[in-house]
Amino acid sequence: MTQPSLSGLTSEDAARLLAQFGPNAPPESPPPGVLKIALRTLKEPMFFLLAAAATLYLFVGDLGEGLFMVAGASASISLVVFQELRSERALQALQRLAEPMAQVRRDGAERRIPARDLVPGDIVLVGEGQRVPADALLIAGDALVVDESILTGESAPVTKTFADEAAQSDFPDPGGDHTPFLYAGSLIVRGSGVARVARTGPRTAVGGLGASLAAIQGEPSPLQKRTGALVAKLGAFALSFCALVIVTYGLVHGDWFEGAIAGITLAIGLLPEEFPMVLAIFLALGAFRLARRNVLVRRSSVTETLGSASLLCVDKTGTLTENRMAVSALYTGGAIEPVPDAPDAEEHRLILAALRASSQNPVDPMDRAVHALAERLEIPAAGTATESFPIKPELLAFIQSWRVEGGALKAAKGAPEAILRLAGADPGTRARYHAVIDEMARDGMRVLAVAETEPDAGEPDGAPYVLRGLVAFEDPIRADAPEAVAAARRAGVSVAMITGDYPATAFAIARAAGIDTSGGVLTGAEIAGTTAEGLADKIRDIRVFARVMPTSKLALVEAFKADGHIVAMTGDGVNDAPALAAAHIGVAMGQRGSDVAREAAHIVLLDDNFASIVAGIALGRRISTNLRKALTYITAIHVPIAGLALAPILMGLPPMLLPAHVVLMELIIDPTCSLAFEAEPGERDAMLNPPRPQNEPLFGTRDLVLGTIQGLVVFLAVLSVYVLAASVGVPEARGRGLAFATLIVANLTLALSDALPRGVSPFARENLFFWAIAAAALSVVAAGLYFPPLAGLLRFEAPETADLAVAALLAMSAGGWYGMWRRLIDM
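Structural notes, computed from the coordinates. (Residues numbered from 1 in each chain as written. Predicted model: local features only at pLDDT ≥ 70, side-chain atom pairs only at ≥ 80, totals over all residues. Heavy atoms only, no water.)

Here the focus is the overall build of the chain. Check the secondary structure of the chain and you find 28 helices and 24 strands. When burial is assessed residue by residue, the chain has 54% of its 827 residues classed as buried. Intrachain contacts of the chain at a sequence separation of at least 6 include 71% that bridge at least 24 residues. Approximately 33,800 Å² of the chain is accessible, and the part contributed by carbon and sulfur atoms is 60%. (Helix = DSSP H or I, 4+ residues; strand = E, 2+ residues; numbered from the N terminus. Buried < 20%, exposed > 50% of the residue type's maximum accessible area, 1.4 Å probe, protein only. Contact = heavy atoms within 4.5 Å. Areas by Shrake-Rupley, 256 points an atom, 1.4 Å probe, with all protein chains shown as cover.)

Another point: the sheet that holds strand S16 (residues 407–414). Backbone hydrogen bonds are what pair the strands of a sheet, in a parallel or an antiparallel way. Judged by pairing direction, the sheet is antiparallel, and its seven strands sit side by side in the order S13-S12-S18-S17-S16-S15-S14 without closing on themselves. The strands lining the two open edges of the sheet, one partner per strand, are strand S13 (337–338) and strand S14 (384–389). Looking at chain direction, S14 and strand S15 (residues 397–404) are connected through five bridges and run antiparallel. Counted as the bridge partner of glutamate 387 is serine 401 from S15. (Pairing = 2+ DSSP bridges.)

For the rest of this paragraph, the subject is the pairing of strand S1 (residues 101–106). Taken together, the six bridges between S1 and strand S2 (residues 109–114) define a ladder with antiparallel strand orientation. Among the inter-strand pairings, arginine 106 is bridged to a residue of S2, identified as alanine 109. Between S1 and S2, which pair antiparallel in sequence order, lie two residues; one of them, aspartate 107, sits at a positive phi of approximately 55 degrees. Pairing analysis gives three bridges linking S1 to strand S3 (residues 123–127), with the strands arranged antiparallel. Looking at the pairing, valine 104 lines up with valine 124 of S3.

As a further point, take helix H24 (residues 701–727). Side chains three or four residues apart in an α-helix point the same way, a direct result of the helix having 3.6 residues per turn. Taking 1.5 Å per residue as the helical rise, H24 with its 27 residues ought to reach 39 Å, and the 38 Å between its terminal C-alpha atoms agrees with that figure. Downstream of H24 by a residue or two, glycine 729 has a phi angle that is positive, lying close to 85 degrees. (Expected span 1.5 Å × (residues − 1).)

What follows concerns the side chain of threonine 499. As for its placement among the helices and strands, threonine 499 is situated in the loop between strand S19 (494–498) and helix H16 (503–513). Within the structure, the side chain of threonine 499 is placed 3.1 Å from the backbone nitrogen of aspartate 501, a separation counted as a polar contact. Beyond its immediate chain neighbours, meaning those up to four positions away, threonine 499 contacts Asp315, Lys316, Ala506, Phe545, Ala546, Arg547 and Val548. (Polar contact = N/O pair within 3.5 Å; in protein donor to acceptor, adjacent residues only side chain to side chain.)

Moving on, we come to the pattern of salt bridges. Under the counting rule described, the total for this entry stands at 25 salt bridges. Note that aspartate 13 is salt-bridged to arginine 16, the shortest N-O span being 3.0 Å. In this pair, aspartate 13 and arginine 16 are both assigned in helix H1 (residues 11–21), three residues apart and thus about one turn of the helix distant. When its relative accessible area of 45% is taken as the criterion, arginine 16 is described as partly exposed. Close ionic contact of glutamate 683 with arginine 822 constitutes a salt bridge, the shortest N to O distance being 3.4 Å. You can see glutamate 683 sitting in the loop between helix H23 (659–679) and H24 and its partner arginine 822 sitting in helix H28 (residues 801–825), a full 139 residues away along the chain. Across this residue pair, the class does not change: glutamate 683 and arginine 822 are buried. Three or more residues joined by partner-sharing salt bridges are found here, namely Lys316, Arg446 and Asp501. (Salt bridge = Lys/Arg side-chain N within 4 Å of Asp/Glu carboxyl O.)

Their axes nearest at 11 Å, the elements H23 and helix H25 (residues 732–755) cross at an angle of 10 degrees. In terms of orientation, H23 lies roughly parallel with respect to H25. The residues of H25 that touch H23, namely those facing His661, Leu664, Met665, Ile668, Ile669, Thr672 and Phe677, are Arg736, Phe740, Leu743, Ile744, Asn747, Leu748, Ala751, Asp754 and Ala755. (Axes fitted to C-alpha atoms, helices over the stretch in contact; angles between N-to-C directions. Parallel < 35°, antiparallel > 145°, perpendicular 65-115°, else oblique.)

Moving on, we get to the nonpolar core. Formed by 68 residues in total, the largest nonpolar core has its most connected members in Val278 and Tyr633. A per-element tally of this core places H25 first, with 12 residues. Beyond its immediate stretch of four places on either side in the chain, valine 278 contacts Leu627, Ala630, Leu631, Ile634 and Cys673. Among the nonpolar cores identified, the runner-up in size contains 40 residues, and Val295, Val544, Ile613 and Val614 belong to it. (Core = buried A, V, L, I, M, F, W, Y, C linked by side-chain atoms within 4.5 Å.)

A few words now on the sheet that holds strand S6 (residues 158–160). Reading across from one edge, S6-S5-S8 is the order of the three strands in this open sheet, with antiparallel pairing throughout. On the outer flanks of this sheet lie S6 and strand S8 (187–190), each paired with one strand and no other. Pairwise comparison of adjacent strand axes, ignoring direction, gives a mean angle of 45 degrees for this sheet. Here strand S5 (residues 144–147) pairs with S8 via three bridges, running antiparallel. Paired with aspartate 147 across the strands is leucine 187, a residue of S8.

This part takes up helix H26 (residues 768–786). A rise of 1.5 Å per residue sets the reference length of H26, with its 19 residues, at 27 Å; its end C-alpha atoms lie 27 Å apart and thus fit the reference within 8%. Looking only at H26, the buried set comprises Phe770, Ile773, Ala774, Ala777, Val781, Gly784 and Leu785. One face of H26 carries all of its buried residues, which in axial projection span an arc of 100 degrees. (Arc of directions from axis to C-beta.)

Across the two faces of strand S11 (residues 311–314) the burial is the same, with Leu311 and Cys313 and Leu312 and Val314 all buried. Examined bridge by bridge, S11 and strand S22 (residues 567–571) share three bridges and lie parallel to one another. Paired with leucine 312 across the bridge in S22 is alanine 568. Inspection of the sheet shows S11 paired to S19 by four bridges, in the parallel sense. Counted as the bridge partner of cysteine 313 is alanine 496 from S19.

Among the surface-exposed residues, Val705, Ile709, Trp817, Trp821 and Ile825 lie close enough to one another that they form a single nonpolar patch of about 470 Å² accessible area. The leading source of residues in the nonpolar patch is H28, at three residues. Relative to the elements of secondary structure, tryptophan 821 occurs in helix H28. (Patch = residues over 30% accessible without salt bridge, like charges linked within 9 Å, V, L, I, M, F, W, Y side chains within 5 Å.)

This part takes up the environment of isoleucine 539. Relative to the helices and strands, isoleucine 539 is located in the loop between helix H18 (532–538) and strand S21 (544–546). Along the chain, isoleucine 539 and phenylalanine 560 lie 21 residues apart, while their C-alpha atoms are 7.8 Å from each other. For isoleucine 539, the residues in contact, after removing those within four places along its chain, are Leu522, Phe545, Leu556, Ala559 and Phe560.

Further remarks concern the packing of aromatic side chains. Summed over all chains, the structure comprises 10 aromatic pairs. Plain terms: the ring middles of phenylalanine 763 and tryptophan 771 are 5.3 Å apart, the flat faces sit at 10 degrees to each other, and that makes the pair stacked. Note on tyrosine 818 and tryptophan 821: the rings are 6.0 Å apart at their centroids and 35 degrees apart in plane angle, and the pair reads as tilted. Residue tyrosine 818 and its partner tryptophan 821 are both found in helix H28; the two are separated by three residues, about one turn of the helix. Tyrosine 818 sits in the buried class, given a relative accessible area of 13%. With relative accessibility at 45%, the residue tryptophan 821 sits in the partly exposed group. Through a chain of ring-to-ring contacts, the aromatic side chains of Phe171, Phe181 and Tyr183 assemble into a single cluster. (Phe/Tyr/Trp six-rings, centres within 6.5 Å; stacked < 30°, edge-to-face > 60°.)

In this structure, aspartate 107 is a non-glycine residue whose phi angle is positive, near 55 degrees. With respect to the element layout, aspartate 107 can be found in the loop between S1 and S2.

When two helices pack together, their arrangement is given by the angle between the helix axes and the distance between those axes. Between helix H14 (residues 427–442) and H16, the least distance of the axes is 7 Å, while the angle of their chain directions is 15 degrees. Put simply, H14 runs roughly parallel to H16. Both H14 and H16 take part in a crossing whose hand is right-handed. In contact with Asp438, Ala441 and Arg442 of H14, H16 contributes Ala504, Thr505 and Ala508. Along the lines of polarity and charge, the residues of the contact of H14 with H16 split into three nonpolar, one polar and two charged. (Left-handed = near helix turned anticlockwise from the far one by under 90°. Nonpolar A, V, L, I, M, F, W, Y, C, P; charged D, E, K, R; others polar.)

Spelled out as structure tokens, the structure:
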């Protein structure tokens, strides 16, 4: 293999080196396997109770019932393991999507590849706001300023200079100033450059490339924390009540075995152990569904928040527009002219100065547009860049020093007001230029001014700048942006556009995109001049913000939050990180965003498209609604289970529910709430209603009360069947079988009633999971009633067909009343 040039490696060389050196990533810990998940599941209180019941049956009671309990508990564990493995697969898919990317040159062309595919010898392009993807030598571009604190602990950044031809391959310890060594994980603070990869993967100084970027952070959501605490308290209460029932039953009836069985049955009924599992599954699978819509969730807890967003703060370039910047007009002091095929002398000078004031390794869309124009018109830079001065808050212009024929010069390109000030323009020139800028801006163009010093044999530092003119850029609005903005507004979600553009440009683009412009435009200077207390009032009706510096974005986020909004904020630059972190939902751009922005954000927009944010909100609402329904259903179904385990004992009747029956119920409940509810489509009017209020929890007192009422109705219906059967002399086993069949039918009806969105047929394709579960459950009940060996284990006896039909009708009424009422009020 020949020594790679700046054109990079060939694909064949890269593949061979990847096989030789391995991926550019730290060693990955294997995902939890079946055994690990099963052992973790066995630690849950539910399975402790099931094990206790099975042990009692095996050693004190009936062997057949004990073996049935073991089989049922094993099936329940298998179901939990299956669900957790499903969630793990979803999270692993998200990890792959979240892997950091690198811009490389291979086969003579630039391409974006996963950083894990980098190999020694690769040519990588690095720039401000990016983390260095591997240990590398700086060989071209700007002198970089790099933050190596992740390696050294020192907060002061260091300067990196170019490597010479005899640059050593052995890297010294990080922290050296004016060296060419770039270390994986360090952050480019200023400048852009070209580097040659020297070490990858475990051989880098950090040895853990991309760990912070690739990690999908699965910290518990607020709801998970609340329900986890609730389940822990209920678990302690259930175990205490279990002991009380055992002691009371043993002392009163003298039957300690039946007392233990009754106590365990009641404890299992009181324990809603499905809560944590359902929350974990919904958030993991919800994050996976969002990723399929190009919305990558980096913190799974934000899945719960996304559907509640009430305000979207978005950038213009690449989000509302296509990010296909092209030079559309020039101005050199006369009239505004379209880009010519053969520029005159003044236009040639303007384009040449703009080229010299653009990065030599362009990343910015406008720099790329200038390079493309100069290449098309065959205008070379004709010189050597010697030093660059990046944009600063006090001077919104990029300046670059050149050594050209005739001496040295500086070229500057940036905000018109900054360049006019730099060139010392007189009031008349300023007025004329501002009129032209306003005209261009009203047409939605983005305008930059250009100036340069004349070539001088000495140093150009003190030379005056000469104004060369204006360059106007056009970036078309995405075709789907206006409809997406309209959809957001119909859903009660306001859209605010925050941009660094000229006010008239911002206003024109916002109006074309359908953003509310009735409040006018507020500039960054006006934001900076307003107190934090007064800003919330000032921006209440304004949705277009222009000439906004990244430092002002944080003030806007805090003001919108103070005004009561759930704020989703987009950003792509280094200085956007504080605003992204402060927003309820920080949204980083996946294609053009800096690594710092992605690290600070809660979600990453993989296609940088505004429509994807709106689609994510719609899906977030669906996830939240279905999760609320599932939790309501779990609450509801545990009421009759606990009640039917206790009430017959208090009434002096034989126990209706035994541990084996509860195991069968759990085998129905678990897949119903985690498969059937999760797969349901969203409500058809979900994006026609305002978002959930900020002070309203996803699962609160109202939902708890609703679930309790639904559960009480089912409990009373099933208990009435059991008591009525006992009062008319129906044998105990037959009455138990009839009541249990009533409970199963009521449970299935309740699940369908709670899960089904309004206006959706029960037989819609999305309900396939439910009908599969229902068919399996009814088959087991039928076998339990009519297959003698199983009926004996469950202590059932087949009821009369007429009785079963009446009980089924009662069960459907008890389980489905809420769904029918909900549909009637919508008619």
